[in-house]
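Spelled out from the first residue to the last, the chains are:
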Amino acid sequence: MPKLKIVYLNLIIISASVISFEIISTRISSVIFVYNYAFIILSLAILGLGCGGIFSYYKIKKKSSTDSFKIISGTVFLIGLSFSLFIVTVIELNITNPFIYFLLLFLPFFFAGIVYSQLFKLYAEHSFKLYASDLTGAAIGSVGSIGIFSLFTAPNAILFLSLLVFSSALSLFFSRFKKNKIIGFYSILFLSGILLLFNANANLLGKIPIGEFPEKDYYYVYPNAASLSQILDSRWSIHGRSDLVAYRNQDYVRQLFVDGSAGTQMYRFGGDINNFSSLLYNLLMSHTTTIPFIFLRDYEKDNMLVIGPGGGKEVLTGLVSGVKNITGIEINPDFVDIVKKYKDFNGGIYTDFPNINILVQEGRHYIKKTDQHFDLVVMALPSTEQLQNIDNFAMNENYLLTVEALKDYLNILTPEGRLIFTVHNRWELIRLIVTTLTAFKEEGISYQDAINHFIIISQDYAPTIVIKKEAFTQSEIAYIKNMNANIPKELPSVTYLPYNLKGTNYTRENQLLKSVEAGMLLKDYINKDPYDISPVRDDSPYFYKVKRGIPDDYFGLFLGVVFFNFMVVVIPYLVIKKKIKKADRNVLLFPLIIFLCIGAGFMILEVSLFQKLVLYLGSPTISLSILLGSLLVGMGIGSFYGKNIFADDIRKRLSVICLSIVSFGIILFILYPFILNKLLVYSQVLRSILSFFMMIPFGFLLGIPFPTAIQLLKQKQLERYIPWMYGINGTMSVLGSVIAVILSMILGFTLSFFTGLSLYLIIFLFLVSKKYRIQFK
């Protein structure tokens, strides 16, 4: 058996590789599937960690430590092999079937669960340092995955992780091979790594297939779009796979996609605003987003902010409409780089116009910190149907269309300023109207007055709403009516103007506005609508959730995970209960409660905290990296030193720590958003560093209960149950992530966070109960 330091080092490598694989496979899943499928598949796959621990408990009965370590080292090799099998099979066999994909994704986590559970069983007396190594590796992997993405495409990144795990497995095999064979194996791995680095951005295996789903715009730009398309440029990043696609049936419009969705147009433009082609002008005029620009007067076109300019359509619209200064805020740097690279096609709209400034930032965050005011804020089709973040629980929803967001937008408008928002369909338009009415109401403007701030250009696909900071005047509406009358009939036309509801078209959104004008309570209209059109808030930012209550997919996933946990927790416990002495039952029950509570509790806290951080750090990628990195580093420190806290009194240690988690969590959740809001004026680097260090104390506390529970099992000579307990912790963490999402949909992330804290409170209450005080004496 290798020395403990070698074990710790290899556990760091394995943990870093596994969490990096999880993050990268999330991006791959988003290319192949739409959000619901991807979230469900990833959640079930990560159950593999728990399944590995439970399999280890039932099937691995090696008595000698040498035999156990042979199992561990061999299984580490299988982790690396399963990484390679996953990516090679998905690409070479064009796997888009969710069941086959799930099986391939399940295997690496299953093997990792075996390794982790066996290590904790074999080295139970060193559980604190072992857990610290595990967490350190996870922290490195969560942050390191961003660096890996900057070097490799996603498929090559998976191959790189395979080599990393193979090298770890080889170091554990030292005693079983001769020195010259070890050198030979390492030489092969080294040369493979060099070859991979030199071809980091090449498609060595081929491209990840884009799944054929209705939400995948790639297949529906034209009839038979896939057969007409040619991918001119493809780039991987933590934001997803960005593709620039040309079509053989025309060469006037190219499409930019992220993960096959969120299509945004790049138009052929000669670069001369005074020599604008009629074809390009007609193409722009066919979009509802363009129509409001016709109604603008010169003093209303001084400056414009475009949120998510993508391929530059809205920027080009502003340019041709005579807007003097244009700022674009794009979260995906690959989109910006691609548009700049193909400036010969698009006329250099991102590079050659001094009045156009494109910034790589998150839109909502930019608005929170800017002191500039704009005549126009434009956002067209903010598509978030894909997994836009780097972990499976980083939900597809965003904060661009919430009550709080709309208040932020209105605050940066000039007195004559207006918002121009284009959404996907009429249902989204109605929900946006309801959310905007709520924002105005909270700003002291009645619903009846608020409808005079709107102009609507409605159609079944891509309707547009104009929201003015100040109410439209009668003279402004008369001017707009006159301009609208001159718009050709084949182009989109205005369907709602203030002060003219009686003469408007009979549409769903107009019926809503008529009801509001007539004095109907907004909540009554919301309640009678068959769909969920309730106002969306930052605490539950699910703008695209159509059905009321819990979506069927999530409810099915919840029931499935609950049933699975019942099978691996309750049934085995009842069987074990019959086999052990009565005195040992309570001794076993308490660690079981700990693993149940911390498995679900930690994940609920993590999901909720992430959603709070994303608003202040300005990037989902950075937010999750900071959160995971800081919590895991803090947990690693807590695990390393936690054994010294009340070293002779485990009950006191656990009770103090769990109560501290609850107390500190409450302070953190209330105080940190206030502090981070004050820090918005500083650079993202400084805010990220401060956020990192502010989270570490909470992580320190969270890192102590798990190894303490393992220490308790070892102390009570129950270490044979460690793999089972590890498995339970893993399966409960998946349940925790699902519960966090469901609770946030129904009650919001605040109550979700406090639900996570309540699970640690349950542990504390068990500890202070008379029954367990006696047991620990």
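Residues numbered from 1 in each chain as written. Predicted model: local features only at pLDDT ≥ 70, side-chain atom pairs only at ≥ 80, totals over all residues. Heavy atoms only, no water.

### Quick look at a nonpolar patch on the surface
The condition that has to hold: Patches here are clusters of residues that have more than 30% relative accessible area and form no salt bridge, with a 9 Å joining cutoff for like charges and a 5 Å cutoff for nonpolar side chains (Val, Leu, Ile, Met, Phe, Trp, Tyr). Computed with the Shrake-Rupley method and a 1.4 Å probe, the accessible areas treat only the protein chains shown as cover for residues. When a carboxyl oxygen of Asp or Glu lies within 4 Å of a side-chain nitrogen of Lys or Arg, that pair is called a salt bridge. Numbering of helices and strands starts at the N terminus; helices are DSSP runs of H or I of at least 4 residues and strands are runs of E of at least 2. Relative accessibility thresholds used throughout: buried, under 20% of the residue-type maximum; exposed, over 50%; partly exposed, between the two (1.4 Å probe, protein chains only).
On the surface, Phe563, Phe566, Met567, Val570, Ile571, Leu574 and Val575 cluster together into a nonpolar patch covering about 600 Å² of accessible area. Counting through the fold element by element, Val575 comes out in helix α21 (residues 552–579). Relative accessible area serves as the criterion here: at 40%, Val575 is assigned to the partly exposed category.

### Topic: the nonpolar core
Convention followed: Residues belong to one nonpolar core when they are buried, are Ala, Val, Leu, Ile, Met, Phe, Trp, Tyr or Cys, and are joined through side-chain atoms within 4.5 Å. The contact criterion used throughout is that any non-hydrogen atoms of two residues lie within 4.5 Å.
Counting 167 residues, the largest nonpolar core has Ile28, Leu588 and Trp724 as the members making the most contacts within it. Per-element tally for this core: the top contributor is helix α22 (residues 582–617), with 22 residues. In this structure, Trp724 is in contact with Gly53, Ile54, Tyr57, Val568, Val569, Pro572, Tyr573, Ile576, Leu588 and Leu592, ignoring residues within four places of it in sequence. Counting 48 residues, the second largest nonpolar core, distinct from the first, contains Tyr447, Leu501, Leu513 and Leu522.

### Focus: the confidence of the model for the protein chain
Any region with low pLDDT has predicted coordinates that should not be read closely. What counts, and what does not: The pLDDT value expresses, per residue, how confident the predictor is, ranging between 0 and 100.
For the protein chain, the mean per-residue pLDDT works out to 87, and 94% of the residues sit at or above 70. A low-confidence stretch, residues 383–397 (pLDDT under 50), is modelled with 74 contacts involving residues beyond four sequence positions or located in other chains.

### Focus: the environment of Asp538
Heads up, the condition is: Each polar contact in these results corresponds to two N or O atoms within 3.5 Å; when the atoms are within protein, one needs to be able to donate a hydrogen and the other to accept it, and residues that are neighboring in sequence are counted only if both atoms are side-chain atoms.
Counting through the fold element by element, Asp538 comes out in the loop between α20 (522–528) and α21. In sequence terms Asp538 and Gly736 are 198 residues apart; their C-alpha atoms lie 21 Å from each other. In contact with Asp538, other than residues within four places in its own chain, are Arg364, Tyr399, Thr402, Glu404, Leu615 and Phe749. Engagement of the side chain of Asp538 in a polar contact is seen with the side chain of Thr402, the distance being 2.7 Å.

### A look at the side chain of Lys301
Examined against the element boundaries, Lys301 turns out to sit in the loop between α10 (291–294) and β5 (303–307). Looking at Lys301, its side chain comes within polar contact range of the main-chain oxygen of Ser321, at 2.9 Å. In this structure, Lys301 is in contact with Leu296, Ser321, Gly322, Val323, Lys324 and Asp375, ignoring residues within four places of it in sequence.

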